[in-house]
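Letter by letter, the chains look like this.
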Amino acid sequence: MAQYEAVIGLEIHVELKTNTKIFCTSATEFGVDPNAHVCPGCMGMPGVLPVLNKQVVEYAIRAGLALNCTIADFTRFDRKHYYYPDLPCNYQISQNYFPIAKNGYVEIETEKGKKKIGITKAHMEEDAGKLVHQGNIATTPYSLVDYNRAGMPLIEIVSEPDIRTPEEARAYAEKLRSIIQYTGVSDCRMEEGSLRCDVNVSVRPVGTTELGTKTEIKNLNSFKAIQKATEYEIERQIDILEEGGSIVQETRTWDDNKGITISMRTKEEAHDYRYFPDPDLVPLVIDREWVESIKATLPELPDRRKSRYISEYGLPEYDAIILTQTKETADYFEDCLKVFPNPKTVSNWIMGDLTRLLNANNMEISECKIKPQQLAEMLKMMDRGTISGKIAKTVFEEMFTSGKDPGTIVKEKGLVQISDEGAIAAIVEEVIAKNPKSVEDFRNGKDKAIGFLVGQVMKASKGKANPALVNKLLREKL
Ligand SMILES: [Zn+2]
């Protein structure tokens, strides 16, 4: 069997977090009643002229700069014509010939090290509305149309076909989301459709440079789906070529339940979009000073922040990658450090107990009741010996559910660590009296036996005895 390699490119649609739509003043709020945020403009009524939202252009420039793109001096909107019931004008206002941003890149981590994935362009466009089918799309007796999404501002980010594996495709999408989130122009919530991904896949024999026929998998809505669908599609294409067949250029959809891609439409049915300049919108000449002023407000992006965590805080690369994946987590980490400046301890708690509880409750760090200052406060209490590490775990869980301060919880539950020698000595005596076998073992040189005795003292004190003191007193008495 010949060796094949895949050639993969991604098109990612990102919904911009503006207050109003791209060409009208309808609100962009998510999760409202169908057709609650519509006006004659975004419903395509004749005679209503589009007025470009300046914030959309600013956000698109901001995203373009974060993706290392060149921002165009001149940009223009085109009409992209096709018929679909959720598109009331029968055309979508998009950019084809003069996109706002071009020639950028994103750096990803691969098994073989860092790799740059080129970005061909990022352009602005309006979203279409949404059809709501009664039951299954194939058998629905009728469909309803919701125009809330019509006219929502999008940027479409098109990668170069630089991606070679499903893992790289996923890493690219994850990195891109991370960067866009840092810039603040979108919340990139895939489950709400504010980040949507199409994947173009072709395969070719290793060593050849000619591109194979590609297929496009539409609307993948999770990172896992991006990876799985790409894996499946590569296998499917290789199987066809191995059997002597040829790939049909087509659009496919991913069935997450069955784990397969399914044909939606072939090239013969493909649209001729008949792009032409939108006569209702004037072309834009982009002011370089404006671009520079946007550039000056870009935050520290994930890669830069990661490197700083390694050099400034001495964190392992793994910690630095995890902590900087989202801006919220990175900000949380740094807010903790302001009160408790021990990076590795803070990192361990965020990556360990905090992440575990967030995952178990299906929550984002922004929804977490424990404020960074509260976590830092708890770590200080551990450091001072007010609470033991074991009690800290209990306090932490309680903080997570109630959002109370660690001091309050410790007081309410009487969890203060016992550091009074007299009180611990009494428990130590009791444990020694009750466990003659272990005492003997220890005296006969079995050093391990002391661990058991320490455990018994901790148990008798309900975990509140200071472990260092317990160790010291036990050894003295024995
Ligand atoms: Zn509107």
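Whatever comes next refers back to the structure up there.
It should be emphasised that the depicted structure is a prediction, and the values quoted were computed from it without experimental measurement.

What counts and how
- Residues numbered from 1 in each chain as written.
- Predicted model: local features only at pLDDT ≥ 70, side-chain atom pairs only at ≥ 80, totals over all residues.
- Heavy atoms only, no water.
- Donors = N, O, S within 2.8 Å, 3.2 Å for Na, K, Ca; no water.
- Buried < 20%, exposed > 50% of the residue type's maximum accessible area, 1.4 Å probe, protein only.
- Pairing = 2+ DSSP bridges.
- Helix = DSSP H or I, 4+ residues; strand = E, 2+ residues; numbered from the N terminus.
- Core = buried A, V, L, I, M, F, W, Y, C linked by side-chain atoms within 4.5 Å.
- Contact = heavy atoms within 4.5 Å.
- Patch = residues over 30% accessible without salt bridge, like charges linked within 9 Å, V, L, I, M, F, W, Y side chains within 5 Å.
- Areas by Shrake-Rupley, 256 points an atom, 1.4 Å probe, with all protein chains shown as cover.
- Salt bridge = Lys/Arg side-chain N within 4 Å of Asp/Glu carboxyl O.
- Lys, Arg positive; Asp, Glu negative; His and termini not counted.
- Charge placed at Lys NZ, Arg CZ, Asp CG, Glu CD.
- Axes fitted to C-alpha atoms, helices over the stretch in contact; angles between N-to-C directions.
- Parallel < 35°, antiparallel > 145°, perpendicular 65-115°, else oblique.
- Left-handed = near helix turned anticlockwise from the far one by under 90°.
- Nonpolar A, V, L, I, M, F, W, Y, C, P; charged D, E, K, R; others polar.

## A few points about the coordination of the zinc ion
Reasoning step 1: Around the zinc ion, the donor atoms from the protein are Cys24 (SG), Ser26 (OG), Cys39 (SG) and Cys42 (SG), and they sit 2.2 to 2.4 Å away.
Reasoning step 2: All donor residues of the zinc ion come from one chain, and their arrangement in sequence is C-x1-S-x12-C-x2-C.
Reasoning step 3: A relative accessible area of 9% means that Cys42 is categorised as buried.

## Things to note about the sheet that holds strand S5 (residues 91-94)
Reasoning step 1: Reading across from one edge, S5-S4-S15 is the order of the three strands in this open sheet, with antiparallel pairing throughout. Where the open sheet ends on each side, the last strands, each with one partner, are S5 and strand S15 (276-277).
Reasoning step 2: Alignment of strand S4 (residues 78-81) against S5, held across four bridges, turns out to be antiparallel. The residue bridging Lys80 from the neighbouring strand is Gln92, located in S5.

## What about the nonpolar core?
Reasoning step 1: By size, the foremost hydrophobic cluster in this structure holds 99 residues, and its most contacted members are Leu10, Ile61, Ile157, Tyr172, Leu375 and Met378.
Reasoning step 2: Not counting chain neighbours up to four residues away, the residues in contact with Ile61 comprise Ile71, Ile100, Ile286, Trp290, Val291 and Ile294.

## Thoughts on the environment of Asn221
Reasoning step 1: On the secondary structure map, Asn221 appears in the loop between strand S12 (215-220) and helix H3 (223-242).
Reasoning step 2: The spacing of Asn221 and His13 is 208 residues in sequence and 11 Å in space, taken between C-alpha atoms.

## Details of a negative patch on the surface
Reasoning step 1: A cluster of acidic residues, Glu191, Glu328, Glu364 and Glu367, forms a negative patch at the surface.
Reasoning step 2: One can find Glu364 in the loop between helix H8 (343-360) and helix H9 (372-384).

## Observations concerning the packing of helix H6 (residues 317-324) against H8
Reasoning step 1: Relative orientation of the contacting elements H6 and H8 amounts to 60°, with a least axis distance of 11 Å. On the basis of their axis angle, the class for H6 and H8 is oblique. Judged by the twist between their axes, the crossing of H6 over H8 is left-handed. Here Tyr318, Asp319, Ile322 and Leu323 of H6 come into contact with H8, specifically with Lys344, Ser347, Asn348, Ile350 and Met351.
Reasoning step 2: In terms of residue class, the contact of H6 with H8 is made up of five nonpolar, two polar and two charged.

## Overview of the sheet that holds strand S13 (residues 250-255)
Reasoning step 1: As summarised here, the arrangement of the nine strands in space is S2-S6-S7-S10-S1-S11-S12-S13-S14, forming an open sheet in which the pairing is mixed. If you trace the sheet from one side to the other, it starts and ends with strand S2 (70-71) and strand S14 (260-266), each paired once.
Reasoning step 2: As defined by bridge partners, strand S1 (residues 4-15) adjoins strand S11 (residues 195-205) across eleven bridges and the pair is classed as antiparallel. Paired with Glu5 across the strands is Arg204, a residue of S11.

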